[in-house]
Amino acid sequence: MSEIKVNSIKGVAASTAALTINNTDGTCTANLSNRQNRNLIINGAMNVAQRGTSGTGYGYIAVDRFRTGASQVDENPTTAQVDVASGTTPYTNGFTKAIKITNGNQTGGAGTGDSMNFTYRLEAQDIRNSGWNYLSSSSYITLSFWCKSSVAQTFFGRLYTTDGTAYNYPFSMGSLSADTWTKITKTIPGNSNLTFDNNADQGLAIEFTMFNGTAKTDSGVALDTWAAYNTATRQPDNTSTWYTTNDSTWELTGVQLEVGSVATDFEHRSFAVEKRLCMRYYQQEVNPQRGGGRAGGTANKGELHPFFFPVEMRSTPTVSLTNTGSSAGQYVYDDDSYANMSSLDSSSANPISCHINYTLSGDLTDGSHLMLGGASSTSHETTYKFNAEL
């Protein structure tokens, strides 16, 4: 009878064995995972972009859940949801979208307080209850992602906590080749000093850094280890070539954070599932068709128009609206006539619903029932935005 004798079985690019054999008793230890919902990152394949596919500035600009950071820049960066080119390795692994930053023209050079990055923020309760024994240095989470830079150089990233005493975990992405997708995998141990509260506030963040100035870095920072957070020692000193090269770009996709010491295959979820997960943090409606409001006793006012959120939000959202097009916003009808939405006056909200009070372009019958209506158009369009981001 034929037999194969091995100590372990390991993938070509893996750092840890998928199967380990005990030479004494022949028992096997599998380091495998087929657990659903193992990816703690929402929208890691960058498919959902509720706010739009491109914008300039900083904050949540385009792709949901990924925040653009920029500090003391000469020109604000542009962030966009872009296509991954067919034939590239991320594309063949099922990634068709990426988030891309274009740095603009930093004519003043690399200032000490300058920075540019993408950040992903996780709720504390999601880390606390993930199954990771974050207080143990022999328990791990694994971060994996694909990235591409238009400039060849070494980049850094970091994880950092916010509960209790803040801690920082810097890592290197290595030297990236220009215009080449590279997969990065980092296995991160727990630490007895970490704290994650059992709440919906921010507990852990992941920063993908394009540049940090020397006010935020130090040549003596140790990589791949937890240390108490210090604003001046977030990472080792950064190479500034990418940052000072006009209109250089940096792209990211396939972000996965999972419990365990091995990066498993990316957990692709349907667009519908991913969007509903994103809507816990942000949702918007364009020209919704709904009733329930009433015309106020003051001229040109509507009030108490209800919105019931299809997904309960992380916390009470901030509410805003924007009008676009050549005319006023969405049509608002009473029984006899109509006006247009002009601006938001106030709102009262909780995580499951809100009502708004607003100004109209003309007066409707006092006390009459109001209906938001009219087809979405470029000339009469109102977007209602509900934001509960971390």
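Let's shift gears to the overall build of the chain. When you go through the chain residue by residue, the secondary structure sums to 4 helices and 24 strands. For the chain, the spread of C-alpha atoms along the three principal axes comes to 85 × 55 × 45 Å. The 390 residues of the chain split such that 48% are buried. Counting contacts in the chain only where the partners sit at least 6 residues apart, residues at least 24 apart contribute 73% of the total. If you sum the accessible surface of the chain, you get close to 17200 Å²; carbon and sulfur atoms cover 46% of it. If you average the places of the 26 positive and of the 34 negative side-chain charges in the chain, the two averages end up 5 Å apart.

What follows concerns the side chain of threonine 79. Tracing the backbone shows threonine 79 in strand β6 (residues 78-83). A distance of 2.7 Å separates a polar atom in the side chain of threonine 79 from a polar atom in the side chain of threonine 68. Ignoring anything within four residues of it in the chain, the contact list for threonine 79 reads Thr53, Ser54, Gly55, Ile61, Ala62, Thr68, Ile99, Lys100, Ile101 and Phe118.

Backbone hydrogen bonds hold the strands of a sheet together, and the pairing may be parallel or antiparallel. Overall, antiparallel pairing links the 6 strands, which are arranged β5-β8-β13-β10-β11-β14 in an open sheet. The two strands at the open ends of the sheet, each matched to only one other strand, are β5 (66-71) and β14 (227-228). Looking at chain direction, strand β10 (residues 153-161) and strand β11 (residues 167-176) are connected through 8 bridges and run antiparallel. Within β11, the residue paired with leucine 159 across the bridge is tyrosine 169.

So, on to unusual backbone geometry. A positive phi angle is found at aspartate 224, which is not glycine, with a value near 60°. On the secondary structure map, aspartate 224 appears in the loop between β13 (202-212) and β14. Accessibility expressed as a relative area gives 41% for aspartate 224, which makes it partly exposed.

With respect to topology, 3 strands assemble into an open sheet ordered β16-β24-β19, the strand pairing being antiparallel. Here the strands that pair on one side only, and so sit at the sheet edges, are β16 (282-286) and β19 (318-324). Across this sheet, the average inter-strand angle for adjacent strands is 20°, counted without regard to direction. In this sheet, strand β24 (residues 381-387) lies alongside β16 in antiparallel orientation, the contact comprising 5 bridges. For glutamine 283, the partnering residue across the bridge sits in β24 and is phenylalanine 386.

This part is about the nonpolar core. In terms of nonpolar packing, the biggest core is built from 48 residues, with Phe66, Phe145, Leu159, Phe208, Trp250 and Leu252 touching the most fellow members. Non-local contacts of phenylalanine 66, meaning those with residues more than four positions away in its chain, are made with Ile41, Ile42, Asn43, Gly44, Met46, Tyr60, Ile99, Thr119, Tyr120, Phe208, Leu252 and Val255. Of all hydrophobic cores here, the second largest spans 19 residues; its members include Phe307, Ala339, Cys354 and Leu364.

Attention now goes to the pattern of salt bridges. Think of it this way: side chains of opposite charge can pair up when their charged atoms draw near. Per the stated rule, a full pass over the model turns up 12 salt bridges. The shortest N-O distance in the salt bridge between glutamate 389 and arginine 65 comes to 2.6 Å. Taken together, the residues span a long stretch of sequence, with glutamate 389 in the segment after β24 and arginine 65 in the loop between β4 (54-56) and β5 at a distance of 324 residues. Like glutamate 389, the residue arginine 65 is buried in the burial classification. The closest approach of N and O atoms between arginine 290 and glutamate 285, which form a salt bridge, is 2.7 Å. Each member of the salt-bridge network shares a partner with another, and the members are Arg51, Arg65 and Glu389.

In this section: the environment of threonine 245. Position of threonine 245 among the secondary structure elements: in the loop between α3 (241-244) and β15 (249-259). Take threonine 245: its relative accessible area is 32%, and that puts it in the partly exposed class. When the C-alpha positions of threonine 245 and alanine 375 are compared, they lie 45 Å apart, and in sequence the two are 130 residues distant. Residues contacting threonine 245, with those up to four places away along its chain left out, are Asn103, Gly104 and Val151.

Further remarks concern a nonpolar patch on the surface. A contiguous nonpolar patch, built from Tyr333, Tyr338 and Met371 and spanning about 280 Å² of accessible area, is present on the exposed surface. Here methionine 371 is to be found in strand β23 (residues 369-373).

The rules we used
- Residues numbered from 1 in each chain as written.
- Predicted model: local features only at pLDDT ≥ 70, side-chain atom pairs only at ≥ 80, totals over all residues.
- Heavy atoms only, no water.
- Helix = DSSP H or I, 4+ residues; strand = E, 2+ residues; numbered from the N terminus.
- Buried < 20%, exposed > 50% of the residue type's maximum accessible area, 1.4 Å probe, protein only.
- Contact = heavy atoms within 4.5 Å.
- Areas by Shrake-Rupley, 256 points an atom, 1.4 Å probe, with all protein chains shown as cover.
- Lys, Arg positive; Asp, Glu negative; His and termini not counted.
- Charge placed at Lys NZ, Arg CZ, Asp CG, Glu CD.
- Polar contact = N/O pair within 3.5 Å; in protein donor to acceptor, adjacent residues only side chain to side chain.
- Pairing = 2+ DSSP bridges.
- Axes fitted to C-alpha atoms, helices over the stretch in contact; angles between N-to-C directions.
- Core = buried A, V, L, I, M, F, W, Y, C linked by side-chain atoms within 4.5 Å.
- Salt bridge = Lys/Arg side-chain N within 4 Å of Asp/Glu carboxyl O.
- Patch = residues over 30% accessible without salt bridge, like charges linked within 9 Å, V, L, I, M, F, W, Y side chains within 5 Å.

It is worth stressing that arrangement in space is one thing and function is another; only the former is reported here.
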